[in-house]
Amino acid sequence: QVQLAESGGGLVQAGGSLRLSCVVSGSIFGIRTMGWYRQAPGKQRELVASITSDYTTNYADSVKGRFTISRDNAKNTVYLQMNSLKPEDTAVYYCNVLLGLRPIADWGQGTQVTVSS
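Asker: I'd love a proper account of the sheet that holds strand 8 (residues 77-82), names of residues and values included.
Answerer: In spatial order, the strands read 1-3-8-7; together these four strands make up an open sheet with antiparallel pairing. A single partner strand is all that each edge strand has here, and the edge strands are strand 1 (4-7) and strand 7 (67-72). Adjacent strand axes in the sheet meet at a mean angle of 15°, parallel and antiparallel pairs treated alike. Summarising the sheet, strand 1 and strand 3 (residues 18-24) pair through four bridges and their orientation is antiparallel. Residue alanine 5 lies in a different strand from strand 3, and its bridge partner there is valine 23.

Structure follows, in structure tokens:
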């Protein structure tokens, strides 16, 4: 059973930065693609960044050039460095294990990111 624990969210002014962390329980971490999602009020959850087991990354167009996903397999942790934050980045952020582009683990509680203008 995989468990996900996100942290690092908070309130930040536009233009600021935050670093999110997600600790993944279970031995599958090192062999799986990981992704960061976000869900804004009234909107569907969307995939914003992913990283494969060989460190290939992909980003949604809305965050490309501002967000950086990384992973530390020794710590079973995936990170999301968010720079130049905008009010439209306000959302609850979640991580998950991906199979293809499909999340396969139960969702964690997420971490709230609020960007003020």
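Picking up where we left off.
Asker: Can you tell me about unusual backbone geometry, naming the residues and giving the values?
Answerer: Positive phi, normally seen in glycine, also occurs at tyrosine 55, with a value near 75°. Following the sequence through the fold, tyrosine 55 ends up in the loop between strand 5 (46-51) and strand 6 (57-59). We note that serine 84 has phi near 50°; this positive angle belongs to a residue other than glycine. With respect to the secondary-structure elements, serine 84 resides in the loop between strand 8 and strand 9 (91-99).

Asker: I'd like to hear about the state of the cysteines, residue by residue, with values.
Answerer: Within the structure shown, the criterion is met by one disulfide. The side chain of cysteine 22 participates in a disulfide bridge whose partner is cysteine 95; the two sulfur atoms lie 1.8 Å from each other. Residues cysteine 22 and cysteine 95 are joined through a disulfide that is right-handed, its torsion about the S-S bond being 40°. Here the residue cysteine 22 occupies a position in strand 3, and cysteine 95 occupies one in strand 9, the gap between them amounting to 73 residues. For cysteine 22, a relative accessible area of 0% puts it in the buried group.

Basis of the calculations
- Within every chain, residues take consecutive numbers counted from 1 along the sequence as written.
- Per-residue local features are limited, in this predicted model, to residues with pLDDT of at least 70; the limit for side-chain atom pairs, both in listing and counting, is 80 or more; totals at the level of whole chains, interfaces and linings are taken over all residues.
- Hydrogens are left out, water is left out, and the side-chain values use all remaining heavy atoms of the structure.
- Note on pairing: two strands pair once DSSP finds at least 2 bridges between them.
- Working definition: helices are DSSP H or I runs of at least four residues, strands are E runs of at least two. Numbering for both runs from the N terminus.
- In this analysis, axes come from line fits to C-alpha atoms, helices being fitted only over the stretch in contact, and the angle between any two N-to-C directions falls in the range 0 to 180 degrees.
- The disulfide definition used here is simple: a pair of cysteine sulfur atoms within 2.5 Å.
- Three exposure classes are used, based on accessible area relative to the maximum for each residue type with a 1.4 Å probe and protein chains only: buried under 20%, partly exposed in between, and exposed over 50%.

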